[in-house]
Amino acid sequence: MKLGPKAAAAALVLSASLALTACGGGAGAGSNAGAAPTSLTLGTLRDITSWDPAQAHVGHALQPYQAAYDTLILREPDGKLSPMLATAWKYNDTNTKLTVDLRTDVTFSDGAKFDAAAAKANLDHFKKANGPQMAQLGSVSDIAVVDDDTIDINLSAEEPALEYFLSQAAGLMGSPQSLGTDAIKTLPVGSGPYVMDKAASVKDSQTVFTARDGYWNKDLQKYKKLTLKILTDPTARTNALVSGQVDATLLDPKNGKQAEGAKMKLEANQVDWSGLLLLDREGTKNPALANVKVRQAINHAFDRKTILEQVMLGQGTPTSQPFGKDSGAWTEELENYYSYDPAKAKQLLKESGFEGNVTIDVPTLPGAETLISVLQQQLADVGITLKPGAAITNTFTADVAAQKYHALFFNLFQGEPTVAIDQIVSTKALYNPFKNTTPELEAKIQAVRTGGKDAGKLAQDVNKYVVEQAWFAPLFRVNQMYYHNDKVNVTPQAQQAVPSIYNYSPAK
Amino acid sequence: MIKFIAKRLGSGLVVLFVVSALTFTLLYTSSGSIARNILGDQATPEQVALKEQELGLDQPLVTRYFAWLADALSGNLGASWFTSEPVASSLATRIPVTMTMVFTAMILIAICAALIGVAAAVKRGWVDRVVQVGAIVGDSIPGYVIGVFLVTLLAIQLGFFPATSTISPEVGPEAWVYSMTLPVIALLINGVTGGAQQIRSAVIKQLERDYVRTLRSRGIGEREILFKHVLRSAAPAGLTVLSLQLIGMLGGVVIIEQIFALPGMGPLAVTATGQSDLPVVMGVVMYTVVVVIVVNLLVDILNGWLNPKVRVS
């Protein structure tokens, strides 16, 4: 039989459609996840490296641990600290000892009882396990068991963020027998609302949890089954969300448009700031940066609002300060401290004596090429040369510490006052590689460290100092775009791009 | 034949050794700062120093390489610096995913490309023109674009397939089939169009040879000429194209696995390389080299079997 072109084309179309229909027999086989209100499927950015609670990280890297482990203190969505495994906690008069009362009715998933000895074992383990957040207990000298349900956390120096840390990685409590073993690296043993179903979990693909029978706090256990699907690629996350494979996930402005087209709901939350870090403030490698007027001129050169609208599709808020709104250090007066004023920038450059003689090298941040070229253009308009160099690599943190960069464009987390200070301001901070400081600044930092409950307010002075001295050229606080479908209610969590695991509930 | 295989295996081992030494040396320079990457940006210098010691990063290159080689020869590829997961077990869970996909695609490519290529060469006319145009179109659209298109149409709009992989022990083998269908189609379209074009040329070249004319003049049927003589002579060219496609596919599959969130070698390779997770990168490189060596060997053996001329030379 000889087929003409038309007949052959028709046969091809027919066979293709038959093949599709055949395959379509199982339509939606993979999209049943999340259909029942008793199960929740979340798209997460990466698998965790170890289930040892001492290896937990911050933000989206904390969420999986919250499924399996309880923390001593619960951090509410607005940042307020509430009882969890700890029922009450109190500092002594000098803020050097925190006495913590503990629950007595909690057991771990291996049957072991949670008590003061277990809490001490966890905190001791955290201090020596060299996890990414080990610094959280850096100022803790020792932990003493007072009685079965009370511990004293003794401090070598005041740490206003200690209570916050006990709601984060440092507060995760695992079964004492499992701590430090190889087994806990692949299977968590905690007292949390869910237990991991190892048989259904696949490394780097999905982690499945089931609700733990007899969990002590039913309010925090809203689902029978929880699946964390690891979707590294943002396009894959978007596809999984709009096709109903996951109920909620983190996207970016570009993919967010597609999710919005599919009627997904957005919970925007500001966690990071984006801008230039002018690191070489003593001019060790770039003399111009030692001049405060040059640094201020850089700040005045940027039209933050327009850049935000054009490059970031409006997803954020222009700002001149590096401290975040939830930290307590944020102030209204610093928000637009550096207005877009090219004339003033030029004037400042003239006064500095560096007019026409300022060149700033920055490494290229992958994904921010467009933004950096806009900054380059706006700086050129006032007579400053911005030279983007090679892209940052996996040696980035080591390169920063080794003073390789005298300035850089980056996105940074806006943490609690002492966290932020030790990230970008103090001489311990990675992002202060040239160890710049002044006695005035040291005094302000010290005031925050010993400020106890007033730490946030006292950090306003640190914030004001670094803004006035133009240590940075912040551009905006970036919106984290967390999308979810209508089967789940999601409450954003302060200072986290991804909500805590307790913030999800079935939609009525 | 045995001598031939032994010789090939021997040279394969030399390649394996050289590639491992080169990769290790290249990674060595950037692995000095790994401790900091593992610990994050809030780690103190003391923490970093402790971690470096823990990972043996304070040792010189030669010591570290031979320690790795000794372990590797005894079957121990080490453990990931970031996750502590043994490299051998990472590879064991991921290789089946990638290999299922690559080999399914390859078998389909071989069948489809051969059928289409031979049809184009024998029929010429409009069939040939369609194949030619198809080759240009197929070559100009990258696999990942096809992947994104397939997801949008068949997974998101029509819901026939899952948009991302649903491979997990809790679902049956049919989930494998559903999860693999779109990635395999995305992988094979370029292969089929490119392969068909090459096979077409090879067959046409053979059909124009003198021996075909002689066979025809002796009254031997076209079918016999094609299947008994022409295809045998055209096979080496086809096999070479297919083996090159398979090796190229090991690269292409990386992006396809990312798009479909398949837990195969691709994401492992990308993550490990980005982090300079040296033990894992070494594992991935060793796997790739072994696949390339084995594929080349198989192609040589097949060629020899199909075409005695190759064996003699």
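The numbers attached to residues start from 1 for each chain and follow its sequence in the written order. Throughout, the order in which chains and ligands are written sets their labels, letters from A for the former and numbers from 1 for the latter. Only residues with pLDDT of 70 or above have their local features reported here, since the model is predicted, and side-chain atom pairs are shown and tallied only from 80 upward, although totals for entire chains, interfaces and linings are computed over all residues.

S.K.: Residue-level account of the overall build of chain A, with values.
M.R.: Numbering of helices and strands starts at the N terminus; helices are DSSP runs of H or I of at least 4 residues and strands are runs of E of at least 2. Looking only at helices and strands, chain A features 16 helices and 21 strands. Only C-alpha atoms enter the radius of gyration, while the globule expectation follows 2.2 Å times N to the 0.38, with N the number of residues. At 26 Å, chain A has a C-alpha radius of gyration in line with the 23 Å of a compact globule built from 508 residues. Principal-axis analysis of the C-alpha atoms gives chain A an extent of 85 × 80 × 40 Å. A buried classification covers 51% of the 508 residues belonging to chain A. We call two residues in contact if the C-beta atoms placed from their backbones are at most 7 Å apart. Sequence-distant contacts in chain A: of pairs separated by 6 or more residues, those separated by 24 or more amount to 69%. Exposure classification rests on a simple neighbour count of other C-beta atoms within 10 Å of a residue's own: a residue reaching 20 or more is buried, one at 12 or fewer is exposed, and one in between is partly exposed. C-beta atoms are placed from the backbone.

S.K.: Residue-level account of the overall build of chain B, with values.
M.R.: The number of helices and strands found in chain B is 13 helices and zero strands. Reading chain B from its N end, one meets helices and strands in the order α-α-α-α-α-α-α-α-α-α-α-α-α. Overall, the C-alpha framework of chain B stretches about 85 × 55 × 35 Å when taken along its three principal axes. Relative to its 313 residues, chain B shows a buried fraction of 37%. Residue pairs in contact within chain B that sit at least 24 positions apart in sequence constitute 74% of those at least 6 positions apart.

S.K.: Could you give me a rundown of the interface of chain A and chain B, with the residues and numbers involved?
M.R.: Interface size is commonly expressed as the accessible surface area that is lost when the partners come together. Facing 44 residues of chain A, the contacting portion of chain B comprises 48 residues. With five residues, the top contributor of residues to the side of chain A that touches chain B is helix α6 (residues 234-242) of chain A.

S.K.: So, the confidence of the model for chain B: which residues are in play, and what are the values?
M.R.: Residues and elements named next belong to chain B. The pLDDT value expresses, per residue, how confident the predictor is, ranging between 0 and 100. Averaged over every residue, the pLDDT of chain B is 86; the share at 70 or more is 96%. Within chain B, no element has a lower average pLDDT than helix α13 (residues 308-312), which sits at 63, and none a higher one than helix α5 (residues 87-123), at 91. The complex model carries a pTM of 0.82, and its ipTM stands at 0.78.

S.K.: So what about the pairing of strand β19 (residues 472-484) of chain A? Which residues, and what values?
M.R.: Residue and element names in this part refer to chain A. Of all the 13 residues making up β19, 13 are buried; the element is thus mostly covered by neighbouring parts of the structure. Strand pairing is assigned whenever DSSP identifies at least 2 bridges connecting the two strands. Looking at chain direction, strand β14 (residues 265-278) and β19 are connected through 12 bridges and run antiparallel. Across the sheet, L266 pairs through a bridge with Y483, a residue of β19. With three bridges connecting them, strand β15 (residues 316-318) and β19 associate as antiparallel partners. If you follow T317 over to β19, its bridge partner there is R477.

S.K.: Describe the sheet that holds strand β6 (residues 97-102) of chain A, and please don't skip the residues or the numbers.
M.R.: All names here are of chain A. Reading across from one edge, β5-β6-β8-β7 is the order of the four strands in this open sheet, with antiparallel pairing throughout. Edge strands, defined here as strands with exactly one partner in the open sheet, are β5 (86-91) and β7 (140-147). Adjacent strand axes in the sheet meet at a mean angle of 20° when their direction is disregarded. Axis lines are fitted to C-alpha atoms, over the contacting stretch for helices. Their N-to-C directions set the angle, which ranges from 0 to 180 degrees. Against the sheet, helix α3 (residues 116-128) engages β6, β7 and β8 (150-155), with an angle of about 170° to β7.

S.K.: Break down the nonpolar core for me, with residues and values.
M.R.: By convention the nonpolar core is taken to be a set of buried residues drawn from Ala, Val, Leu, Ile, Met, Phe, Trp, Tyr and Cys and joined through C-beta atoms within 7 Å. Of all hydrophobic cores here, the largest spans 192 residues; its most connected members are A:L72, A:L277, A:L278, A:I298, A:A407, B:A105 and B:L187. With 14 residues, the single largest contributor to this core is helix α8 (residues 173-207) of chain B. If you look at the next biggest cluster of nonpolar residues, it comprises 21 residues, including B:I38, B:V87, B:L268 and B:V285.

S.K.: So what's going on with helix α10 (residues 222-259) of chain B? Which residues, and what values?
M.R.: All names here are of chain B. With 38 residues, α10 ought to run about 56 Å at 1.5 Å a step, yet its terminal C-alpha atoms sit only 46 Å apart, falling short of that. The quantity called bend is, for any residue, the angle between two axes fitted respectively to the seven residues ending at it and the seven beginning at it. Where α10 bends most, the angle comes to about 45°, and this point is L231. Looking one or two residues beyond α10, the residue adopting positive phi is A261, at roughly 50°. In this scheme, a helix's expected span is set at 1.5 Å multiplied by one less than its residue total.

S.K.: Lay out the packing of α6(A) against helix α7 (residues 253-261) of chain A with the relevant residues and their values.
M.R.: Residue and element names in this part refer to chain A. At a minimum axis distance of 10 Å, the contact between α6 and α7 shows a crossing angle of 10°. The pairing of α6 with α7 is recorded here as roughly parallel in orientation. For the element pair α6 and α7, the recorded crossing hand is right-handed. Here P234, T235, T238, L241 and V242 of α6 come into contact with α7, specifically with N255, Q258 and A259. Gly is placed with the polar residues, together with every amino acid not listed as nonpolar (Ala, Val, Leu, Ile, Met, Phe, Trp, Tyr, Cys and Pro) or charged (Asp, Glu, Lys and Arg). For the contact of α6 with α7, a count of residues per class yields four nonpolar, four polar and no charged. Here roughly perpendicular refers to angles of 65 to 115 degrees, roughly parallel to angles under 35, roughly antiparallel to angles over 145, and oblique to all remaining angles. A crossing counts as left-handed when the near helix is turned anticlockwise from the far one by less than a right angle, and as right-handed when that turn is clockwise.

S.K.: Talk me through unusual backbone geometry; I want residue IDs and the actual numbers.
M.R.: Unlike most non-glycine residues, A:A470 shows phi in positive territory, near 50°. One can find A:A470 in the loop between α16 (455-468) and β19. A:A470 sits in the buried class, given 26 other C-beta atoms within 10 Å. For B:A261, which is not glycine, the phi torsion reads 50° and is therefore positive. Summarising the element assignment, B:A261 is placed in the loop between α10 and α11 (265-275).

S.K.: Please set out helix α6 (residues 125-140) of chain B residue by residue, giving values where relevant.
M.R.: A rise of 1.5 Å per residue sets the reference length of α6(B), with its 16 residues, at 22 Å; its end C-alpha atoms lie 23 Å apart and thus fit the reference within 8%. Turning to α6(B), the residues buried within the fold contact α5 and α8 of chain B.

S.K.: Could you give an account of the environment of B:Q245, naming the residues involved and the relevant values?
M.R.: All names here are of chain B. Structurally, the position occupied by Q245 is in helix α10. Along the primary structure Q245 and A6 are separated by 239 residues, whereas in three dimensions their C-alpha atoms are 25 Å apart. In contact with Q245, other than residues within four places in its own chain, are I109, G191, G194 and G195.

S.K.: Explain the packing of α10(B) against α11(B) to me, using residue names and the numbers behind them.
M.R.: Residues and elements named next belong to chain B. Contact pair α10 / α11: the axes reach a minimum separation of 7 Å and the direction vectors enclose 100°. In this view, α10 runs roughly perpendicular relative to α11, as classed from their interaxial angle. On α11, the residues touching V253, V254, E257 and Q258 of α10 are G266, P267, A269 and V270. The residue makeup of the contact of α10 with α11, split by class, is five nonpolar, two polar and one charged.

S.K.: Report on the confidence of the model for chain A, specifying residues and quantitative values.
M.R.: Counting all residues, the mean pLDDT for chain A is 89, and 93% of those residues have values of 70 or more. Counting interchain partners and residues more than four positions distant, the pLDDT-below-50 stretch residues 1-36 of chain A has 38 contacts.

S.K.: Please set out the environment of B:C112 residue by residue, giving values where relevant.
M.R.: With respect to the secondary-structure elements, B:C112 resides in helix α5. As for B:C112 and B:T193, which are separated by 81 residues in sequence, their C-alpha atoms are 8.9 Å apart.

S.K.: Run through the pairing of strand β11 (residues 206-211) of chain A, naming residues and quoting values.
M.R.: Residues and elements named next belong to chain A. Alignment of strand β10 (residues 194-196) against β11, held across three bridges, turns out to be antiparallel. For Y194, the partnering residue across the bridge sits in β11 and is A211. As defined by bridge partners, β11 adjoins strand β12 (residues 225-230) across five bridges and the pair is classed as antiparallel. Paired with V208 across the bridge in β12 is T227.

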